[in-house]
Amino acid sequence: MTTDPTTAADREDRVLERIASFRKRRPRLLDEVVTLAHGAGGKSSAALVDAVFVEALRNPQLEQLGDAAALSLPAGERIAFSTDSFVVQPLQFPGGSIGNLAVHGTVNDLSVTGARPLWLSAAFVIEEGFEIALLREIVADIADSAAQAGVHVVTGDTKVVGKGAADGVYICTAGIGALPVTMRLGPEYVQAGDRVLLSGTMGEHGMAVMLARGELAIEADIRSDTAPLNGLVHALLDGAPSTRWMRDATRGGVGTVCNELAQSTGLAVVLDEASLPVLPQVAGACDLLGIDPLYVANEGKFVAIVPEHEAEAGLAALRASPGGENAAIVGEVLAEPEGIVALRTAFGGSRIVDMLVGDPLPRIC
């Protein structure tokens, strides 16, 4: 009988090296047709974006693949510019509507760059036969959300398509925000030892929309968390002025956002399961459906990376602001294992949190 001279730690290191090597590969688009998984914000989305859009439209700003582009004007001013589209079904759900999402989604994409959102556009694709009364309600939600966020809808467009050519109404938005000249946020600033902050509880939006569809025999008091983040973001920047990076955790949830960060930095993101804030009713619904809350979409939460010495001050600033009462320090950034997101479980073990595969919750934004 021979004895294996390698230790369990050696074998684990080799496995992690193989995983890290695999994960560094560019995503490959193998599909011949678009599927719902390509819109989920996970691996399929990354492959589609990289192989079709980035490949054809490549430029330094686009290649950063941020939720908004940070741009410098000829006179030296800086702006953040973002665009988004909304196809949620149902159009109205507990806690919000497609109109609220259209404003909040774009405002939040601008906010996590450190910008102050100012102006939005809104374009509507409306299906023939859509009720005018419902359209008025959706536009009223847009007006209310814009006022709440302190932005103005300054231009737009309307198109009507034939019966059956759209699912009620789709809304496309773009937004512009003022970006301080000295503001610099990005994965290139993230360092080992930094802390991971989450601005609140996970998963309310995705689960609220899923349950509102009425296809599941589950009753739970879950409301979407859709909300503008500009106030919370600037509270964090006041409390932790050396914040490195931010991203709102929408499609693909917190798990996918952390994977995008790990892959772009080559560092490890290690999350603490016991610190991740999840409402009991959301956790219960996720358990019944076999869905990990880490992958469920949010529309009013963001992940931030801050230096260790500013983490507690940043957390205090979030918790003192409306909407940030449940903020938490949920993990840390480490040098190894490279490009990996890991979760320290409540049982004392650990597991890898991979990027979302498939689409458990389609059409949630």
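Residues numbered from 1 in each chain as written. Predicted model: local features only at pLDDT ≥ 70, side-chain atom pairs only at ≥ 80, totals over all residues. Heavy atoms only, no water.

(A) The arrangement of a nonpolar patch on the surface in detail. A surface patch of nonpolar side chains, amounting to about 470 Å² of accessible area, comprises Val 49, Val 52, Phe 53, Leu 57, Leu 62 and Leu 65. The element that contributes the greatest number of residues to the nonpolar patch is helix H2 (residues 43–57), accounting for 4 residues. One can find Val 49 in helix H2. Of the residues examined, Val 49 reaches a relative accessible area of 31% and is grouped as partly exposed. (Patch = residues over 30% accessible without salt bridge, like charges linked within 9 Å, V, L, I, M, F, W, Y side chains within 5 Å. Areas by Shrake-Rupley, 256 points an atom, 1.4 Å probe, with all protein chains shown as cover. Salt bridge = Lys/Arg side-chain N within 4 Å of Asp/Glu carboxyl O. Helix = DSSP H or I, 4+ residues; strand = E, 2+ residues; numbered from the N terminus. Buried < 20%, exposed > 50% of the residue type's maximum accessible area, 1.4 Å probe, protein only.)

(B) Geometry of the pattern of salt bridges. Scanning the model with the defined rule gives 13 salt bridges in all. One salt bridge in this structure joins Glu 332 and Arg 195, with 3.6 Å as the shortest N-O distance. With Glu 332 in strand S12 (residues 328–334) and Arg 195 in strand S8 (residues 195–198), this pair connects stretches of sequence that are 137 residues apart. For Glu 332, a relative accessible area of 18% corresponds to the buried category. Note that Arg 344 is salt-bridged to Glu 332, the shortest N-O span being 2.6 Å. One end of the pair, Arg 344, is in strand S13 (residues 341–344); the other, Glu 332, is in strand S12, and 12 residues separate them in sequence. For Arg 344, a relative accessible area of 33% translates into the label partly exposed.

(C) Local environment of helix H4 (residues 98–111). With 14 residues, H4 ought to run about 20 Å at 1.5 Å a step, and its terminal C-alpha atoms sit 20 Å apart, in line with that. Where burial is concerned, most of H4 is hidden: 14 out of the 14 residues are buried. (Expected span 1.5 Å × (residues − 1).)

(D) Here's a closer look at the packing of helix H7 (residues 230–239) against helix H10 (residues 311–319). Orientation of H7 relative to H10, taken along the N-to-C sense of each, is 145°, at an axis distance of 8 Å. For the pair H7 and H10, the crossing hand works out as right-handed. Contacts between H7 and H10 involve Leu 232, Ala 235, Leu 236 and Gly 239 from the first element and Ala 313, Gly 314, Ala 317 and Leu 318 from the second. Grouping the amino acids of the contact of H7 with H10 by side-chain chemistry returns 6 nonpolar, 2 polar and no charged. (Axes fitted to C-alpha atoms, helices over the stretch in contact; angles between N-to-C directions. Left-handed = near helix turned anticlockwise from the far one by under 90°. Contact = heavy atoms within 4.5 Å. Nonpolar A, V, L, I, M, F, W, Y, C, P; charged D, E, K, R; others polar.)

(E) Molecular detail of the UniProt feature "domain: PurM-like N-terminal" (unreviewed entry) in the protein chain. Mapped onto the present numbering, the UniProt feature "domain: PurM-like N-terminal" (unreviewed entry) falls at residues 67–178. The annotated region residues 67–178 carries 29% helix and 44% strand content, and the separation between its end C-alpha atoms amounts to 15 Å. (UniProt positions renumbered as here; feature names shortened; annotations may be inferred.)

(F) Broad picture of the pairing of S12. Here S12 lies mainly inside the structure; 5 of its 7 residues are buried. Bridge count for S8 against S12 is 4 bridges, and the pairing is antiparallel. Each bridged residue has a counterpart across the sheet, and for Leu 198 the counterpart in S12 is Ala 328. Sheet analysis places strand S10 (residues 268–272) next to S12, joined by 4 bridges and oriented antiparallel. Its bridge partner being in S12, Val 269 is matched across the sheet by Val 333. (Pairing = 2+ DSSP bridges.)

(G) Examining the UniProt feature "domain: PurM-like C-terminal" (unreviewed entry) in the protein chain more closely. Here, the residues flagged by UniProt with the feature "domain: PurM-like C-terminal" (unreviewed entry) are residues 191–341. Between the C-alpha atoms that bound residues 191–341 the distance is 15 Å, and the span itself is 34% helix and 17% strand.

(H) Structural view of the nonpolar core. Formed by 39 residues in total, the largest nonpolar core has its most connected members in Phe 130, Ile 138, Val 169, Ile 171 and Met 207. Counting only elements with at least two residues in this core, the list comes to H4, strand S5 (116–127), helix H5 (132–149), strand S7 (169–179), helix H6 (204–212) and helix H9 (280–289). At 6 residues, H5 tops the list of elements feeding residues into this core. Not counting the four nearest positions on each side in its chain, Phe 130 is found in contact with Leu 91, Leu 135, Ile 138, Gly 168 and Val 169. One finds Val 190, Leu 267, Leu 271 and Leu 276 within the second-largest nonpolar core, a separate group that totals 27 residues. (Core = buried A, V, L, I, M, F, W, Y, C linked by side-chain atoms within 4.5 Å.)

(I) Spotlight on the sheet that holds S7. Spatially, S1-S2-S7-S5-S6 is the arrangement adopted by the 5 strands of the open sheet, whose pairing is mixed. Bordering the open sheet on either side are strand S1 (69–72) and strand S6 (152–161), each of which pairs with just one other strand. For this sheet the average axis-to-axis angle between neighbouring strands, irrespective of direction, equals 20°. One ladder, built from 9 bridges, connects S5 with S6; its direction is parallel. For Val 125, the partnering residue across the bridge sits in S6 and is Lys 159. Contacting strand S2 (78–86), S5 and S7, H4 runs over the sheet at an angle of about 150° to S2.

(J) Up close: the environment of Val 233. One can find Val 233 in helix H7. Looking at Val 233, the relative accessible area reads 0%, which means it is buried. Each C-alpha atom, one on Val 233 and one on Ala 123, is 27 Å from the other, the two residues being 110 residues apart in sequence. Ignoring any residue separated from it by four or fewer positions in sequence, one finds Val 233 in contact with Ser 111, Val 112, Met 246 and Phe 302.

(K) Structural view of the packing of H4 against H5. Relative orientation of the contacting elements H4 and H5 amounts to 30°, with a least axis distance of 7 Å. The orientation of H4 relative to H5 falls into the category roughly parallel. In the packing of H4 onto H5, the handedness of the crossing is right-handed. Across from Ile 98, Gly 99, Asn 100, Val 103, His 104 and Val 107 in H4, the residues of H5 making contact are Ile 138, Asp 141, Ile 142, Ser 145, Ala 146, Gln 148 and Ala 149. When the residues that make up the contact of H4 with H5 are grouped by side-chain class, the tally is 7 nonpolar, 5 polar and 1 charged. (Parallel < 35°, antiparallel > 145°, perpendicular 65-115°, else oblique.)

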